[in-house]
Amino acid sequence: MNRRADHFDWSGGHPALDFVNTLDERPSDEPIDNLATYRDLARFAELAGLIEPQIAGPLQRLHDPASIRIVKRARHLREHLHDLLAATTSRRLVRQADLDALSAAIQAAHAARALVASRSTGLVEYRWRLPWTPVIPLHACALAIESLLVGGKRKRIRKCGAADCDVYYLDTSKAQRRQWCSMKGCGNREKQRRRRSVTRN
Ligand SMILES: [Zn+2]
């Protein structure tokens, strides 16, 4: 997986959290949307390991009204997930509208899947597969959201502790006391800020 030249934030530790983090600098007046185009969405899904490169390649060349609508739907889905995570991590009640939107997207992804058979070492194996359509990256993101929310991982979802950072991540540390999206960025910045305020007082 080549992630060197991309502009996505991979500190989420889970594709669904990396998906929510595609809106950079969310708390500011001018957030940067890394899912600005359908190409961005297909590229994100590929780099996040949600769709295979041979599928993502042709998708990235699409640019028609239908693909523009799909990336719009993806951005809406992302914001519903964000609002749900924001409510959960600040112990507020989750909005029904967010649950309904996520539920509809996950159901649509399930409905799109087809059972495929493959033979390896003489045995037939069956698995679910999303057929090739331009909606694949959106469905793949919805299935990633399902895997995040339904299961034990949701207990480890955290929001970065820096006041001006809205990045979400999975705390996989043993002690489960990770406070920042990255130690290099927010962690160092917050430590310096706290040090300065102690010196001033
Ligand atoms: Zn942060």
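Further up the page is the structure itself.
As the structure is a prediction and not an experimental result, all values here were calculated from the model.

**What about helix α6 (residues 136-149)?**
- Taking 1.5 Å of rise per residue, 14 residues should cover 20 Å, and α6 covers 20 Å from first to last C-alpha, within 8% of that figure.
- Of all 14 residues that make up α6, ten are buried, and the element is covered over most of its length.
- When α6 is considered as a whole, its buried residues turn out to be Ile136, Pro137, Leu138, His139, Ala140, Cys141, Ala142, Ala144, Ile145 and Leu148.

**Focus: the coordination of the zinc ion**
- Only Cys160 (SG), Cys165 (SG), Cys181 (SG) and Cys186 (SG) from the protein reach the zinc ion as donors, at distances of 2.3 to 2.4 Å.
- Coordination at the zinc ion comes from four donor atoms whose angles at the metal span 106 to 115°, giving a geometry best classed as tetrahedral.
- Each donor residue of the zinc ion belongs to the same chain, with the gaps between them written as C-x4-C-x15-C-x4-C. Of this pair, Cys165 sits in the loop between β5 (157-159) and β6 (168-170) while Cys186 sits in helix α7 (residues 183-200), placing them 21 residues apart in sequence.

**Let's talk about the pairing of strand β4 (residues 123-129)**
- As paired elements, strand β3 (residues 114-120) and β4 share seven bridges and run antiparallel to each other. Bridge pairing links Val116 to Arg127 in β4.
- Between β3 and β4, which pair antiparallel in sequence order, lie two residues; one of them, Thr121, sits at a positive phi of approximately 45°.

**What to know about the nonpolar core**
- In this structure, Phe19, Leu41, Phe44, Leu77, Leu81, Leu85 and Ile145 are the most contacted members of the largest nonpolar core, which totals 43 residues.
- Elements supplying a minimum of two residues to this core: α1 (15-20), α2 (38-47), α3 (53-59), α4 (65-89), α5 (96-112), α6 and β6.
- Sequence-distant contacts of Leu81, that is, excluding residues within four places in its chain, are made with Ala16, Phe19, Val20, Leu102, Ile145 and Leu149.
- Ala162, Val167, Tyr169 and Cys186 belong to the second-largest nonpolar core, a separate cluster that totals eight residues.

So, how was this worked out
Residues numbered from 1 in each chain as written. Predicted model: local features only at pLDDT ≥ 70, side-chain atom pairs only at ≥ 80, totals over all residues. Heavy atoms only, no water. Helix = DSSP H or I, 4+ residues; strand = E, 2+ residues; numbered from the N terminus. Expected span 1.5 Å × (residues − 1). Buried < 20%, exposed > 50% of the residue type's maximum accessible area, 1.4 Å probe, protein only. Donors = N, O, S within 2.8 Å, 3.2 Å for Na, K, Ca; no water. Tetrahedral: all angles 85-135°; square planar, octahedral: opposite > 155°, others 65-115°. Pairing = 2+ DSSP bridges. Core = buried A, V, L, I, M, F, W, Y, C linked by side-chain atoms within 4.5 Å. Contact = heavy atoms within 4.5 Å.

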